[in-house]
Amino acid sequence: MGNLTGKVAIVTGAARGIGAEIAKRLAKDGADVAICDLKAEWCEETVKAVEAMGVKAIGIGVNVACSAEVDQCVKEVIAKLGKVDIMVNNAGITKDGLLMRMSDEDWDAVLNVNLKGTFLFTRAVSRPMMKNKDAEGNPCGGSIINIASVVGIMGNAGQANYTASKGGVIALTKTTSKELGSRAIRCNAVAPGFIQSKMTDVLPEEVKQNYMAQIPLRKFGQVSDIANAVAWLAGPESAYVTGQIISVNGGMIG
Ligand code: NAI
């Protein structure tokens, strides 16, 4: 029996990278997991890895920026897995460039996926989470965990759209915690620093070295560092924690 046995989690952007690791980590703790990404077939590898841990897994194709698809996705999860206890808003994209030259399309694309997508899933799961009851029939709500970023706190040249979206995710996290706290729904964010993944692999060596110089622990983070923080926020050990932004960044900023 793990900490999350009997719980159902949705993880977006879970085909690869941080999202895939979060899905596997929650499964290790006993949760059934809906693995969501743009295309269902991209989720197959994560679905297999999660099933191998002895829990249920389903893969769902969903664009987090599309309201109708998000609502449909949550309905499918409830139909197939019974309920939603844990929502991890992880799907995210970058379209970097200096703001003087940034196109409307690049601004909208990043805000739509990173910020609107987080809002849409939060709205869609809030009502089902309010209906969750524990064994004694008491409301037991759920845990919403948003993946923000260190640059959503400190800003970053060349990432006006991305930093604004992640700053928005941080504010949305705090508001969600205030609106839904009385219904036993907690909402927190994890703000990763520089994590080794496909998103950061593409950065030039010089940019990577600039980041390294700002990291007191002198190493880049691993996807498991983020998954561990998410698992803690999802489980009972963080029962009195809500509205918080947990920085997992090797000490980059306090
Ligand atoms: P990644 O690019 O490896 O994975 C992102 C996943 O999201 C992909 O599977 C992609 O298909 C999916 N996705 C993109 N748009 C989508 C949409 N519209 N609907 C559904 N799924 C969509 O990125 P990574 O590194 O795993 O990042 C995960 C999260 O962590 C993102 O929110 C990112 O902003 C955040 N983050 C990552 C950091 C890093 O250093 N890698 C640092 C700080 C935050």
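Details of the structure are given in the entry above.
What this report covers is the structure whose coordinates are included nearby.

What counts and what doesn't
- All chains use their own residue numbering, which begins from 1 and follows the written sequence.
- For this predicted model, a pLDDT threshold of at least 70 governs which residues receive local features, and a threshold of 80 or more governs which side-chain atom pairs are given and counted, while totals over whole chains, interfaces and linings are taken from all residues.
- For side-chain calculations, the full set of non-hydrogen atoms in the structure is used, while hydrogens and water are omitted.
- Working convention: axes come from line fits to C-alpha atoms, limited for helices to the stretch in contact. Angles between N-to-C directions cover 0 to 180 degrees.
- Numbered from the N terminus, helices here are DSSP runs of H or I no shorter than four residues, and strands are runs of E no shorter than two.
- Each crossing gets its hand from how the near helix is turned against the far one by less than a right angle, where anticlockwise is left-handed and clockwise is right-handed.
- The contact criterion used throughout is that any non-hydrogen atoms of two residues lie within 4.5 Å.
- The span expected for a helix works out to 1.5 Å for each residue beyond the first.
- Values of bend correspond, residue by residue, to the angle between axes fitted over the seven residues ending at that residue and the seven starting there.
- By convention in these notes, a salt bridge is any Lys or Arg side-chain nitrogen within 4 Å of a carboxyl oxygen on Asp or Glu.
- Definitions used for this entry: grid spacing 1 Å over protein atoms alone; cavity, a set of points where a 1.4 Å probe fits but cannot get out; pocket, an open set with protein on both sides within 12 Å along at least 5 of 7 lines; lining residue, one with an atom within 4 Å of a point.
- Grid points are joined across faces, edges and corners, and a volume is the space filled by probe spheres set on the points.
- Gly is placed with the polar residues, together with every amino acid not listed as nonpolar (Ala, Val, Leu, Ile, Met, Phe, Trp, Tyr, Cys and Pro) or charged (Asp, Glu, Lys and Arg).
- What we call a nonpolar core is a set of buried Ala, Val, Leu, Ile, Met, Phe, Trp, Tyr and Cys residues that are connected through their side-chain atoms within 4.5 Å.
- Here the term buried applies to any residue with accessible area under 20% of the maximum for its type, exposed to any over 50%, and partly exposed to those in between, with areas from a 1.4 Å probe on protein chains only.
- The pairing test for Phe, Tyr and Trp rings, Trp by its six-membered ring, is centres within 6.5 Å, and the orientation test on the planes gives stacked under 30 degrees, edge-to-face over 60, and tilted for anything in between.
- We call a residue near a given molecule or strand whenever any one of its heavy atoms falls within 4 Å of it.
- Molecule-in-pocket calls rest on the fraction of atoms, with more than half required to lie within 2 Å of the cavity or pocket grid points.
- Two strands pair under a simple rule: DSSP has to find at least two bridges between them.

Quick word on the packing of helix H3 (residues 67–81) against helix H4 (residues 104–130)
Across the interface, H3 lies against H4 with an axial gap of 9 Å and an inter-helix angle of 35°. Where H3 crosses over H4, the handedness of that crossing is right-handed. In this structure, H3 contributes Ser67, Val70, Asp71, Cys73, Val74 and Ile78 to the contact, and H4 contributes Leu120, Phe121, Arg123, Ala124, Val125 and Pro128.

Examining unusual backbone geometry
Its identity as a non-glycine residue notwithstanding, Ala184 has a phi of 65°, on the positive side. Within the chain, Arg218 stands out as a residue other than glycine whose phi angle is a positive 55°. Among the structural elements, Arg218 can be located in the loop between helix H8 (205–213) and helix H9 (223–234).

A word on H4
Compared with the 39 Å implied by 1.5 Å per residue over 27 residues, the 37 Å span of H4 between its first and last C-alpha is a close match. At Asn112, H4 shows its strongest bend, of approximately 40°.

So, the pattern of salt bridges
In a structure, side chains of opposite charge can pair up when their charged atoms sit close to one another. On inspection of all chains with the given rule, the structure shows three salt bridges. One salt bridge in this structure joins Glu76 and Lys80, with 2.8 Å as the shortest N-O distance. Remark: Lys80 and Glu76 occur in helix H3; sequence separation between them is four residues, near one turn of the helix. A salt bridge links Lys83 to Asp85, with the shortest nitrogen-to-oxygen separation between them at 3.1 Å.

Details of the layout of surface pockets
The space that makes up the largest pocket amounts to roughly 1,100 Å³. Lining the largest pocket are 45 residues; nearest its centre among them are Gly92, Ile93, Thr94, Ser197 and Met199. Of the pockets and cavities examined, the second largest pocket occupies roughly 260 Å³. Around the second largest pocket sit 15 residues that line it, and Lys7, Cys140, Arg186, Ala234 and Pro236 are the ones nearest its centre. Its residues placed into classes, the lining of the second largest pocket shows seven nonpolar, five polar and three charged.

What about the nonpolar core?
One finds Ile22, Leu26, Ile35, Val88 and Val190 to be the most contacted residues of the largest nonpolar core, which totals 33 residues. Where this core is concerned, the elements lending two or more residues are strand E1 (8–12), helix H1 (17–28), strand E2 (32–37), helix H2 (44–51), strand E4 (86–89), strand E5 (142–147) and H9. Residues contacting Leu26, with those up to four places away along its chain left out, are Leu4, Ala9, Val11, Ala31, Ile86, Val88, Ala231 and Ala234.

Re the packing of aromatic side chains
Applying the stated rule across the entire model yields two aromatic pairs. Aromatic ring contacts, followed pair by pair, group Phe194, Tyr211 and Phe220 into a single cluster.

Here's the deal with the site of the ligand
What surrounds the ligand is a group of 29 residues, the closest being Arg16, Asp37, Asn90, Tyr162 and Ser197. Judged by its atoms lying within 2 Å of the grid points, the ligand is housed in the largest pocket. Looking at the shell around the ligand, the elements with two or more residues in it are H1, helix H6 (160–180) and helix H7 (198–201). It is H7 that provides the largest number of residues to the shell around the ligand, a total of three residues. In terms of residue class, the shell around the ligand is made up of 16 nonpolar, nine polar and four charged.

What to know about the pairing of E1
For E1, the buried fraction is high: five of the five residues fall into the buried class. Relative to E4, E1 is paired through three bridges, and the arrangement is parallel. Across the sheet, residue Ala9 finds its bridge partner in E4, namely Ile86.

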